[in-house]
Amino acid sequence: MTLRDYAEVLKKWWKTIAALAVVGLVAGGVLAVALPAKYEASSQLYVTIPTSDSATELNQAATYLSRELKSYATVATTPYVLDPVIRDKGLNRSVSDLQDMLDVTNPTATSVIQVTATAETPEEAQQVANGVADQLTKGVQSLSPEVANREGAVKAELLSRAQLPEKPSGIPAAVYPAAGLVLGALLGAVLAFVLESLVRRPRTLTELRSVPGAALTASVPRLKHHSDALSFDPAAIEQPGSAAPTPHVTALRSRLQQRHAEVLPQVEGGATFVVTGTRSGDGASTVALELARSFAGLGSRVVLVDAHLSDRGMTELLAQQAHPGVSDLLERRAAAEQSAVRLEPGLSFLPAGSPASRPSDLVCSEPMVALLRELHGEFDVVILDCSPLSESADAAVLGELADEVLLVTVPGRVSTDQLHSAVAGFREVPVSLVANKVRSGRGHAGLV
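Values in this document were obtained by computation on a predicted structure and should not be read as measured data.

About the criteria used
Residues numbered from 1 in each chain as written. Predicted model: local features only at pLDDT ≥ 70, side-chain atom pairs only at ≥ 80, totals over all residues. Heavy atoms only, no water. Phe/Tyr/Trp six-rings, centres within 6.5 Å; stacked < 30°, edge-to-face > 60°. Helix = DSSP H or I, 4+ residues; strand = E, 2+ residues; numbered from the N terminus. Salt bridge = Lys/Arg side-chain N within 4 Å of Asp/Glu carboxyl O. Core = buried A, V, L, I, M, F, W, Y, C linked by side-chain atoms within 4.5 Å. Buried < 20%, exposed > 50% of the residue type's maximum accessible area, 1.4 Å probe, protein only. Contact = heavy atoms within 4.5 Å. pLDDT = per-residue confidence, 0-100. Axes fitted to C-alpha atoms, helices over the stretch in contact; angles between N-to-C directions. Parallel < 35°, antiparallel > 145°, perpendicular 65-115°, else oblique. Left-handed = near helix turned anticlockwise from the far one by under 90°. Nonpolar A, V, L, I, M, F, W, Y, C, P; charged D, E, K, R; others polar.

## Things to note about the packing of aromatic side chains
- If you walk through the whole model with that rule in mind, you get 1 aromatic pair.
- Summarising the aromatic geometry, the rings of F273 and F295 are spaced 6.1 Å apart at their centres and angled 10° between planes, so their arrangement reads as stacked. Note that F273 is positioned in strand β6 (residues 271-277) and F295 in helix α10 (residues 284-297), a separation of 22 residues in sequence.

## Focus on the pattern of salt bridges
- Inspection of every chain in the model, using the stated rule, returns 9 salt bridges.
- Note that R301 is salt-bridged to D380, the shortest N-O span being 3.1 Å. Highlighted residues: R301 in the loop between α10 and β7 (302-306) and D380 in the loop between α15 (366-378) and β10 (381-385), separated in sequence by 79 residues.
- Put simply, R358 and D361 hold a salt bridge, and the shortest N to O gap is 2.7 Å.
- A single network of salt bridges, built from pairs that share partners, joins E290, R293 and E344.

## A short note on the nonpolar core
- Core analysis: the largest hydrophobic core is formed by 42 residues, its most contacted members being V274, V305, V326, L371, L375, L384 and L398.
- What L384 contacts, discounting residues up to four positions off in sequence, is T272, F273, V274, V275, V305, L372 and L398.
- Of all hydrophobic cores here, the second largest spans 36 residues; its members include L65, Y72, L102 and V104.

## Regarding the confidence of the model for the protein chain
- Across the protein chain, pLDDT averages 82, with 86% of residues at or above 70.
- Note on residues 442-448: pLDDT under 50 across the span, and 25 contacts to partners over four residues away in sequence or across chains.

## Comments concerning the packing of helix α4 (residues 79-89) against helix α6 (residues 122-143)
- Close contact between α4 and α6 brings their axes to 9 Å; oriented N to C, the two are set at 130°. As summarised for this structure, α4 and α6 are arranged oblique, according to the angle between their axes. In this structure, α4 meets α6 at a crossing whose hand is right-handed. Contacts between α4 and α6 pair Y80, V81, L82, P84, V85, D88 and K89 from the former with Q127, G131, V132, Q135, L136, G139, S142 and L143 from the latter.
- Taken together, the residues of the contact of α4 with α6 sort by class into 8 nonpolar, 5 polar and 2 charged.

## Observations concerning the environment of L69
- Along the chain, the position of L69 falls in helix α3 (residues 55-75).
- Given a relative accessible area of 2%, L69 falls into the buried group.
- Placed 42 residues apart in sequence, L69 and S111 show a C-alpha to C-alpha distance of 7.2 Å.
- Residues in contact with L69, not counting those within four places in the same chain, are V47, N106, T110, S111 and I113.

Here is the structure:
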């Protein structure tokens, strides 16, 4: 997958990612509230052994002390030390409670014992740390025997007493919601890619050729820059009459001519084509416009009809919103001669017209059938720009009145089952697939 593929997956599943991010944020907030603040306070003891100047005794004392320091650290968490601390400080705690609160260590290569107490209040943390340090100072001297045949015991002195901690230790409470938000979003992204991998999507021209009931008629490369005029994309549309049709449009038109000779100006009759997409953004409206221009360039009489009455995409694309159109004709608010707009020689455009409250009812009505029959008798080529199949069934209904349906799809955007279902929805009408925005390596523009 390319970077663009990853971006498209994230864009498609953004709601799932956002939902899990919110769940993570809430969970982090709950955790921040539920977990009590913790305070740490530390005391330090320095342990020594009285020795002589003898090198042998110094060595023996150092060896003994290095071994015993670990033992004293263990003694600090036993009832021998903790029972007096509880009694002297008046703590409402058990020995096991204090053991959970304490961390007594002897830093490597030192004679220091560090007593760290963690509690829910700063006062208790200070009390426990100092209480254990005081009691261990006494206990070290009473527990240690004579060393190296000399009188005197191991001594422990306080280096520093625990101070009252000013702020909680550990992870700040504000970090939990932020961490939950990030982890939730990451989990959502991973889930998106897992779900995407489970759905079979035709991503290559070979896979599109295998779709039953449809013929792959043309493929169009993806835009590299908006000025490339390659894909069927509104960003690449030239103004009507400003440029000749691009090669892939000519290739598509040639294939249709082979199947429908009546579209040529010198041949009697005409043909009606329904152009639709599997999803919004597939480029169906641009296919309809460019194909209409290409037929008009041959000398055929062409009418382009914006049958997408709900959002009037083609009408807005050609800046004809204020002009009466299909909805006005069907509801008898305007006459045919008032509605058609001449875009260029041989090419007329019938806008969507005024916004309708129930656009699908108009598209599927008897007046619409009568309008198409009238257009079919007047023009060589009638091209209907219909709403995407994911939004309405208008294209399937109008497809029954057409000679052929052009189904525009972007490889990888819809599942195999969705594409099969879309093609099957047109019943007996021939369906041609137009693969738009094909990446390099997945096919070439032109006839397929």
